[in-house]
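# Coordinates in review
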Amino acid sequence: MRYEEFTIEGRNAVIEAFRCGKPIDKIFILDGCQDGPIMTIKREAKKQNSIVKFVTRDRLDQMSETGKHQGVIAYAAAYEYAEVEDILKAAEKKGEPPFIFLLDNIEDPHNLGAIIRTANLAGAHGVIIPKNRAVGLTATVARTSAGALNYTPVAKVTNLTKAIEDLKKLGLWFVCADMEGTSMYKLDLKGPIGLVIGNEGEGVGRLVREKCDFIASIPMKGDIDSLNASVAAGVLAYEIVRQRMI
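The following paragraphs examine the structure supplied in this document.

Calculation criteria
- Residues numbered from 1 in each chain as written.
- Predicted model: local features only at pLDDT ≥ 70, side-chain atom pairs only at ≥ 80, totals over all residues.
- Heavy atoms only, no water.
- Core = buried A, V, L, I, M, F, W, Y, C linked by side-chain atoms within 4.5 Å.
- Buried < 20%, exposed > 50% of the residue type's maximum accessible area, 1.4 Å probe, protein only.
- Helix = DSSP H or I, 4+ residues; strand = E, 2+ residues; numbered from the N terminus.
- Domains from an automatic or database assignment.
- Contact = heavy atoms within 4.5 Å.
- Salt bridge = Lys/Arg side-chain N within 4 Å of Asp/Glu carboxyl O.
- Pairing = 2+ DSSP bridges.

Ranked by size, the top nonpolar core spans 61 residues in total, and within it Phe99 and Phe101 carry the most contacts. It is helix H9 (residues 229-245) that provides the largest number of residues to this core, a total of seven residues. The residues that make up this core include at least three from each of domain 1 (7-76) and domain 2 (84-245). Setting aside chain neighbours within four positions, we find Phe101 in contact with Ile115, Thr118, Ala119, Ala124, Gly126, Val127, Ile128, Leu195, Ala233 and Ala237.

One pass over the structure, following the stated rule, counts nine salt bridges. Asp35 serves as the salt-bridge partner of Arg11, at 2.3 Å between the closest nitrogen and oxygen. Here the residue Arg11 occupies a position in helix H1 (residues 11-19), and Asp35 occupies one in the loop between strand S2 (24-30) and helix H2 (36-47), the gap between them amounting to 24 residues. Here Arg11 falls in the buried class, since its relative accessible area comes to 19%. Accessibility expressed as a relative area gives 28% for Asp35, which makes it partly exposed. Salt-bridge contacts for Lys211 lead to Glu165; the nearest nitrogen and oxygen are separated by 2.6 Å. Here Lys211, found in helix H8 (residues 206-211), pairs with Glu165, found in helix H7 (residues 160-169); they are 46 residues apart in sequence, far enough to count as distant. A relative accessible area of 27% places Lys211 in the partly exposed class.

This part covers the pairing of strand S5 (residues 99-104). Successive side chains on a regular strand alternate, one facing one side of the sheet and the next facing the other. Counting buried positions along S5 gives six out of six residues, so the element sits mostly inside the fold. Neither face of S5 is open: one carries Phe99, Phe101 and Leu103, the other Ile100, Leu102 and Asp104, and all of them are buried. Sheet topology note: the S5/strand S9 (residues 193-198) ladder contains six bridges and is parallel. Its bridge partner lying in S9, Asp104 is registered against Gly198. Bridge count for S5 against strand S6 (residues 126-130) is three bridges, and the pairing is parallel.

Listed below in structure tokens is the structure:
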């Protein structure tokens, strides 16, 4: 396993981290704040022997990476990256064909957090991200995932193309999102599948795209020519969900 230090900001995100057993080293709480969620956080912190410090709003604002701390910032001991094998084991444990999101150089932390949240809700078994030229698991990602980061394994790989090749040998096939592809409604998206989503500006890179078995387009009826990466991931993911339910 590989680890990355990160902070958790916002009341619900901190409570969720405690509930799923994530080790919390230290919590900074707005001095004088005594509402329900804060009392829950203090109670959980006492159970886990986490250090609690009461600080001013100015101090919290200075510490915050997201600008939306809601009066509480926690320092997690570490975020544990999964291995690709862990994602496959999660599918096996559920008795389901693997369903994996692969993200080609997503650079916006809000998009990454939203995609991890969508992956969790769509029943995907995990998310694979590249090590370089992409956002990691920052506080903004953790907060935007709305707790999903605690439940959906995220693996970081050196080479996304090689990861696809290795997974193909295990029976997975891959579909990527691109405006020039075949309508997603005309594709058979059942079975063990990897959904590849490209970055916000350039889409899926050429080398990764060439490894995909299908290229899926989302029908567009409006006046602009593309969807945000996290929205495109959600639309395609739920077409996969629909087909898996048939």
